[in-house]
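Below are the chains, spelled out letter by letter.
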Amino acid sequence: MCVRKTPPHQGGSSTVPTLETDLTPYATMLSFTRYVGRTGPRKASFVSGLRRARQAKSGFNPHGQLVKALKADIQFRTPGTHLEAVVQAVKPRWRPLYEASTTGAARYLESLGDLDKLWLAQTHDALAVIGGLPVKINPHLGLRYEGGRAEAVRLHFDETPPSDETVVATLHLMAAYMDQILPHAEPVLVDVRRGDVFRAGAATKPADIDRWLTGEAAAFAAMWSTAS
């Protein structure tokens with residue numbers, strides 16, 4: 001195994017405090033999986049952009065209200081009611097983004113089946129160390145179905161579908177830390193704009209994925225250190 005596990009961070013935490021005050025290489029699962037989905041010089045440009053954003057202490061998550069609306073529809077058994085309402089509730093500048101996302105989100109919600117037979121489950125963040133690079137593993141929500149089956153769900157909001165590399169990396173990282181995130185749960189990635197659901201397959205050996213991600217993490221850290 002090429003990753004080292006450390007104690008989890010609670011789901012409400014969005015930062016690693018000891019790393020936010022300097023320029024030590026660090027990635028969220030979102031930034032790391034976006035990185036592995038890129039090729040060639042685009043990787044270096046992407047890492048440089050992350051470093052500049054850290055220096056400027058900039059960053060904003062425009063999808064927070066959509067996640068809350070999706071959770072509310074699950075919790076209160078209201079298929080799509082909160083998702084429809086949130087489009088009108090967000091600021092006008094974000095409305096096109098929400099309009100593009102809520103149709104697929106409603107499709108995913110419908111795919112869950114009878115909402116009376118599942119519940120939201122508490123998840124926790126975990127901090128992976130991959131090839132020396134700290135990576136925060138943070139699903140958006142947890143689900144527990146009647147009968148005991150559980151899922152830890154990460155949502156993909158990008159305009160383009162997730163690449164094969166992004167899907168593999170996301171599901172593998174969540175699976176590797178599931179004992180901290182939501183014990184015995186299955187990792188799931190949802191392409192929100194299209195409502196597509198991805199689950200782990202058995203085509204690639206976990207050890208091969210570990211070696212691949214370790215190399216990617218080492219390259220990420222090297223690019224970060226040489227970025228101006």
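Presented here is an overview of the structure given in this document.

Cut-offs used in this document
- Residues numbered from 1 in each chain as written.
- Predicted model: local features only at pLDDT ≥ 70, side-chain atom pairs only at ≥ 80, totals over all residues.
- Heavy atoms only, no water.
- Pairing = 2+ DSSP bridges.
- Helix = DSSP H or I, 4+ residues; strand = E, 2+ residues; numbered from the N terminus.
- Axes fitted to C-alpha atoms, helices over the stretch in contact; angles between N-to-C directions.
- Phe/Tyr/Trp six-rings, centres within 6.5 Å; stacked < 30°, edge-to-face > 60°.
- Buried < 20%, exposed > 50% of the residue type's maximum accessible area, 1.4 Å probe, protein only.
- Lys NZ or Arg CZ within 6 Å of the ring centre and 35° of its normal.
- Expected span 1.5 Å × (residues − 1).
- Arc of directions from axis to C-beta.
- Contact = heavy atoms within 4.5 Å.

Pairing is mixed in the open sheet, where five strands are placed in the order E4-E7-E8-E9-E10. Both edges of this open sheet fall to strand E4 (118-121) and strand E10 (196-199), since each of them pairs with a single strand only. Looking at each pair of strands side by side, their axes are set apart by 30° on average, direction ignored. Direction of pairing for strand E9 (residues 186-191) relative to E10: antiparallel, over a ladder of four bridges. Looking at the pairing, Asp191 lines up with Asp196 of E10.

This brings us to the packing of aromatic side chains. Across all of its chains, the model carries four aromatic pairs by this definition. Their ring planes at 25° and their centres at 6.2 Å tell us that Phe32 and Tyr35 sit as a pair that is stacked. You can see Phe32 and its partner Tyr35 sitting in helix H2 (residues 29-36), three residues apart, about one turn around the helix. Relative to Phe220, the ring of Phe32 has its centre 6.4 Å away and its plane inclined at 65°; by these criteria the two rings are edge-to-face. Of the two residues, Phe32 sits in helix H2 while Phe220 sits in helix H9 (residues 206-226), which places them 188 residues apart along the sequence. Here Phe32 and Phe220 have matching classes, each one buried. Positioned above the aromatic ring of Tyr35, the side-chain terminus of Lys43 is 4.3 Å from the ring centre.

In this section: H9. With 21 residues, H9 should cover 30 Å at 1.5 Å per step; its first-to-last C-alpha distance of 30 Å lies within 8% of that length. Within H9, the full set of buried residues consists of Ile209, Asp210, Leu213, Glu216, Ala217, Phe220, Ala221 and Trp224. End-on view of H9: buried residues confined to an arc of 140°, all on one side of the axis. In H9, the exposed positions that point more than 90 degrees away from the buried face belong to Arg211, Ser225 and Thr226. Summarising the contacts, the buried residues of H9 are in contact with strand E3 (27-28), H2, helix H3 (41-56), strand E5 (124-130), strand E6 (133-137) and helix H7 (164-176).

Moving on to H3. The first and last C-alpha atoms of H3 sit 23 Å apart over 16 residues, in line with the 22 Å expected at 1.5 Å per residue. The complete set of buried residues in H3 reads Lys43, Phe46, Val47, Ser48, Arg51 and Arg54.

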